[in-house]
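Take a look at the letters that make up each chain.
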Protein chains: 2
Amino acid sequence: MGEINIKKLACELNLSAATVSRALRDSHEISSETKARVLEMAKKLNYEPNPFASNLRGQKSKTIAVIVPEIANNFFSLAINGIEEVARERDYHVLIYQTHESSAIETSFLNRLLSGRVDGVLISLACENVDKEHFKKISNQLPVVFFDRVHDDIEGVKITTDDYESAYNAVQHLIENGCKKIGYLLALNALSTGKKRLQGYLDALKDNNFPDDGNLIMKNGANNDENYALIKNFIVEQKPDGILSSIEELAMPCYYACKELNLSIPADLKLISFSNLAHAQLLNPSLTTINQPAFEIGVEAAGILFKIFNKRWYEPNQTIILKSNLIKRESTRAIA
Amino acid sequence: MGEINIKKLACELNLSAATVSRALRDSHEISSETKARVLEMAKKLNYEPNPFASNLRGQKSKTIAVIVPEIANNFFSLAINGIEEVARERDYHVLIYQTHESSAIETSFLNRLLSGRVDGVLISLACENVDKEHFKKISNQLPVVFFDRVHDDIEGVKITTDDYESAYNAVQHLIENGCKKIGYLLALNALSTGKKRLQGYLDALKDNNFPDDGNLIMKNGANNDENYALIKNFIVEQKPDGILSSIEELAMPCYYACKELNLSIPADLKLISFSNLAHAQLLNPSLTTINQPAFEIGVEAAGILFKIFNKRWYEPNQTIILKSNLIKRESTRAIA
DNA sequence: CTGTTAGCGCCTTCAA
DNA sequence: TTGAAGGCGCTAACAG
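None of the values given here were measured: they were computed from a predicted structure.

Thresholds applied
- Here the residue numbering is sequential within each chain, running from 1 through the sequence in written order.
- Working convention: letters from A go to chains and numbers from 1 go to ligands, in the order in which they are written.
- Only residues with pLDDT of 70 or above have their local features reported here, since the model is predicted, and side-chain atom pairs are shown and tallied only from 80 upward, although totals for entire chains, interfaces and linings are computed over all residues.
- Side-chain metrics in this entry use all non-hydrogen atoms of the structure; hydrogen atoms and water are not considered.
- Whenever a pair of cysteine sulfur atoms sits within 2.5 Å, that pair is classed as a disulfide.
- Accessibility here uses a 1.4 Å probe with only protein chains present; expressed as a share of the type maximum, an area under 20% marks a residue as buried, one over 50% as exposed, and anything in between as partly exposed.
- Aromatic pairs are defined between Phe, Tyr and Trp rings, using the six-membered ring for Trp, whenever the two ring centres lie within 6.5 Å; interplanar angles under 30 degrees are classed as stacked, those over 60 as edge-to-face, and all others as tilted.
- Helix and strand labels come from DSSP, where a helix needs a run of H or I of at least four residues and a strand needs a run of E of at least two; each type is numbered from the N terminus.
- Remark: a charge is flagged as sitting over a ring if the NZ atom of Lys or the CZ atom of Arg is within 6 Å of the ring centre and within 35 degrees of the ring normal.
- The least-squares superposition of copies is restricted to C-alpha atoms, and to residues with a pLDDT of at least 70 in both copies.
- Two residues form a contact once any of their heavy atoms are found within 4.5 Å.
- One requirement defines pairing of two strands: DSSP has to find at least two bridges between them.
- Looking down the strands as they point away from you, a crossover is right-handed if its path from the first strand over the helix to the second goes clockwise.
- Angles shown run from 0 to 180 degrees and are taken between the N-to-C directions of axes, each axis being a line fitted to C-alpha atoms and, for helices, limited to the stretch in contact.
- Throughout, the protein atoms alone are placed on a 1 Å grid, and a set of points is a cavity if a 1.4 Å probe fits but cannot get out or a pocket if it is open with protein on both sides within 12 Å along at least five of seven lines; lining residues have an atom within 4 Å of a point.
- Grid points are joined across faces, edges and corners, and a volume is the space filled by probe spheres set on the points.
- Put simply, Ala, Val, Leu, Ile, Met, Phe, Trp, Tyr, Cys and Pro go in the nonpolar bin, Asp, Glu, Lys and Arg in the charged bin, and everything else, Gly too, in the polar bin.
- As annotated, the domain borders come from an automatic or database domain assignment.
- Nearness here has a simple test: a residue counts as near a molecule or strand if at least one of its heavy atoms is within 4 Å of that partner.
- N or O atoms within 3.5 Å of each other form a polar contact, as long as, within protein, one can give a hydrogen and the other can take it, and as long as residues adjacent in sequence are counted only when both atoms are side-chain atoms.

Visitor: Explain the state of the cysteines to me, and be specific about the residues and the numbers.
Guide: Residue and element names in this part refer to chain A. This structure, assessed with the given rule, holds zero disulfides over all chains. Of all cysteine sulfurs in the structure, the one in Cys254 sits closest to Cys179, which takes part in no disulfide; the separation is 12 Å. The exposure class of Cys179 is buried, given its relative accessible area of 2%. For Cys254, which is in no disulfide, the shortest distance to another cysteine sulfur is to Cys258 and amounts to 4.6 Å.

Visitor: Got a sec to walk through the packing of aromatic side chains? Specific residues and values, please.
Guide: One pass over the structure, following the stated rule, counts 17 aromatic pairs over all chains. Here the aromatic rings of Phe306(A) and Phe309(A) are separated by 5.6 Å at their centres, their planes lie at 85°, and the arrangement is edge-to-face. In this pair, Phe306(A) and Phe309(A) are both assigned in helix 13 (residues 294-309), three residues apart and thus about one turn of the helix distant. Note on Phe135(B) and Phe146(B): the rings are 5.8 Å apart at their centroids and 50° apart in plane angle, and the pair reads as tilted. Of this pair, Phe135(B) sits in helix 7 (residues 132-141) while Phe146(B) sits in strand 4 (residues 144-147), and the two are eleven residues apart along the sequence. Residue classification places Phe135(B) among the buried positions, given a relative accessible area of 5%. The rings of Tyr92(A), Phe306(A) and Phe309(A) are connected pair by pair, giving a single aromatic cluster. Across from the ring centre of Phe274(A), 3.8 Å away, lies the NZ or CZ of Arg197(A), which sits over that ring.

Visitor: Could you give an account of the relation of the copies chain A and chain B, with specific residues and numbers?
Guide: For the pair chain A and chain B, the superposition axis carries a translation of 0.0 Å, the fit reaches an RMSD of 0.1 Å, and the rotation angle comes to 180°. These values place the two chain copies in the arrangement generated by a two-fold rotation axis. The overlap is high: 98% of the interface residues of chain A also sit at the interface in chain B, so the same surface is used on both sides.

Visitor: A description of the pairing of strand 3 (residues 120-123) of chain B should follow, citing residues and the corresponding values.
Guide: Residue and element names in this part refer to chain B. Every second residue of strand 3 is oriented toward a common face, with Gly120 and Leu122 on one face and Val121 and Ile123 on the other, all of them buried. Where strand 1 (residues 63-68) meets strand 3, four bridges bridge the pair, whose relative direction is parallel. In the strand pairing of strand 3, Ile64 is matched with Gly120. Across three bridges, the pairing between strand 3 and strand 4 is parallel. The residue of strand 4 that forms the bridge with Ile123 is Phe146. You can see the chain leave strand 3, run along helix 7 and come back into strand 4, and the turn it takes is right-handed.

Visitor: How would you sum up the sheet that holds strand 8 (residues 242-245) of chain A? Please name residues and give values.
Guide: All names here are of chain A. Pairing within the open sheet is mixed, and its six strands lie in the order 7-6-8-9-10-12. Each end of this open sheet is capped by a strand with a single partner; those strands are strand 7 (217-219) and strand 12 (325-327). Sheet twist, expressed as the mean angle between neighbouring strand axes with direction ignored, is 15°. Both strand 9 (residues 270-274) and strand 10 (residues 288-291) contribute to a ladder of three bridges, which runs parallel. Within strand 10, the residue paired with Ile272 across the bridge is Thr288. Where helix 8 (residues 163-176) meets the sheet, its contacts fall on strand 6 (182-186), strand 8, strand 9, strand 10 and strand 12, and the angle it forms with strand 9 comes to roughly 170°.

Visitor: Break down empty space enclosed by the protein for me, citing the residues and quoting the values.
Guide: Residue and element names in this part refer to chain A. Within the structure shown, the criterion is met by six cavities of 30 Å³ or more. Along the wall of the largest cavity there are 16 residues; nearest its centre are Asn73, Phe75, Ile247, Glu249 and Gln292. Elements supplying a minimum of two residues to the lining of the largest cavity: helix 5 (74-89) and helix 11 (248-260). Ranked by residue count, the leading element in the lining of the largest cavity is helix 5, at three residues. Its residues assigned to classes, the lining of the largest cavity comprises five nonpolar, six polar and five charged. Counting only domains with at least three residues in the lining of the largest cavity, you end up with domain 2 (63-161 + 294-322) and domain 3 (163-292 + 326-332).

Visitor: Can you tell me about the protein's contact with DNA strand D, naming the residues and giving the values?
Guide: Neighbouring DNA strand D are 25 residues; Thr19(A), Arg22(A), Ile6(B), Tyr47(B) and Arg57(B) lie closest to it. Thr19(A) is positioned such that a nitrogen or oxygen atom in its side chain is 2.5 Å from a phosphate oxygen of DNA strand D. Within the contact set of DNA strand D, a base nitrogen lies 2.7 Å away from a side-chain nitrogen or oxygen of Arg22(A). Of all the elements in the fold, those that place two or more residues in the surface near DNA strand D are helix 2 (17-24) and helix 4 (51-58) of chain A together with helix 2 (17-24) and helix 4 (51-58) of chain B.

Visitor: I'd like a description of the protein's contact with DNA strand C, backed by residues and values.
Guide: Of all residues adjacent to DNA strand C, which total 25 residues, the nearest are Ile6(A), Tyr47(A), Arg57(A), Thr19(B) and Arg57(B). Of all DNA strand C atoms lying within 4 Å of any protein atom, the proportion belonging to sugar or phosphate reaches 63%. Here Asn50(A) contributes a backbone N or O atom positioned 3.1 Å from a phosphate oxygen of DNA strand C. Among the elements of the structure, helix 2 and helix 4 of chain A together with helix 2 and helix 4 of chain B are those that each provide at least two residues to the surface near DNA strand C.

Structure (structure tokens):
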């Protein structure tokens, strides 16, 4: 606990706490001489105002919360990086919470945050069914900005990437590179984010007159091991020559499975994944990735939250879409 | 802002605020009947206690701070994951700050945290020269636990990995696999963490009667581009057949440089790096990594901080060393 | 078992 | 230009 408070400061200076407070806040009704004295003494004594007292008094916390499914995920850690930078510029503090994809945990975090602990929330939804009503209640009490993992049925400001277009383009790319049977590794299907990616895949197939074979869509399982088994089985049974993975976490087991099955990527199977794994393309040049501007999403989302704080945002339901980058790789070249 | 406070709750129930407060805190001096009534009403009205009021009153925040150089770094994001999980179990909140390797920013964060905003700090040091005196002052006012990036000259509880041993073993591994000229990509050299890794490298060379050629140590530059140029130049001039990289951020440009130079990894150059890149070994099987238990370090560090809170920690200067894992790869096999 | 009172540190009236 | 006083919401000490 910081020991030195405004009263002691005032005492040292033979001033009242009120005067010191005003001086520190650079009030116009304090002589510049007094201000200088106060500032000097504050610095000398290493005075830091107690944030809880100010917050209690002023009903604001200079703190924002970020709720994400996982921190140790390339996309989210980059987004948090962007958020932290913006917050720091404005002398705001950033609280971090991870839901591990559980809506129950998500809800409990949100409820706790209603206490006034934070001035606003940035959230990327857990991929379970969501309680729209609950979100409506929250949004009424606290500014909320959604990013990346969003849901159309929940009203609010949203920052996403061009999920539909990038999935569509990825499939187009696979087709142009000779794929005849393109599978889809499905995830996030409870969210708009996942639905749009899937729709992009489906529409690209349709526009190229590919058969609409429901068997080519593989839904993710409960955990990594299960995903691995599912994908391996999927590849054996369906024998796709191209795969679009809707999340990075499914592309990885797909690699493992190919290795196990002695399938060469990309010679036997071309794999594209939504991914923000730094240097993934370098480590294995056979990897084509849909690279989302994760950092920029964080910056944008945080920026909008601050605009809301400053009453400079007037579109409670706008969705802002940033463009992803399809990083293509040569078909066969590899390092090793 | 949450609208409903303890007074309104009390009013609804025809009780005093004090009674309600006690009931909510499950005090033994409240009848179970009253408790039930209070709890029910609190739930009904969605009451959340104002944390700033409690914190101001009780002089504690139920919040910890985590200060790291970068969030979007595989090691740190995993560590934060571990920290968040431990904090969540205890209903603590986690504030995140990144220093971008700047000691000035680090110091400014620490100063701001002296205000009582947090009950304790977990920190992984920025790699610049550090102000020991300043840290001493901080530690006197606030519990601090250091993790991974530590400095011997700063007193405090520290959680690290076996930097010396793992570097030593890595070099031994390179030698056993036929390397004759082993380079070292140096970083973190202002910290004990970096010094120990370097010493492990040096001692392994010495114990194997390798010449102690200072030219084989390459110090990192200011940014990625510079590192890339430096490493490329280093490989051309020194022609190492093995390299140990002290951080992941240097291993990556090393890959790029090899590609540019048409050198095959690991046939022409065997590369080992300290790294926590998920699946790095899979993406390129030529990569041998020193895998630090990042998540566990986070869990351990947070656990100790909570022990300090509970006065169940009595070793103000203990260093706890967790073991890294040298993940070896076959010399020549590759996926693609 | 429950109520009254006071104060955590800060900031903003209001008064001088 | 400065000081005194009160209150943000909560809880511990003290009464009853």
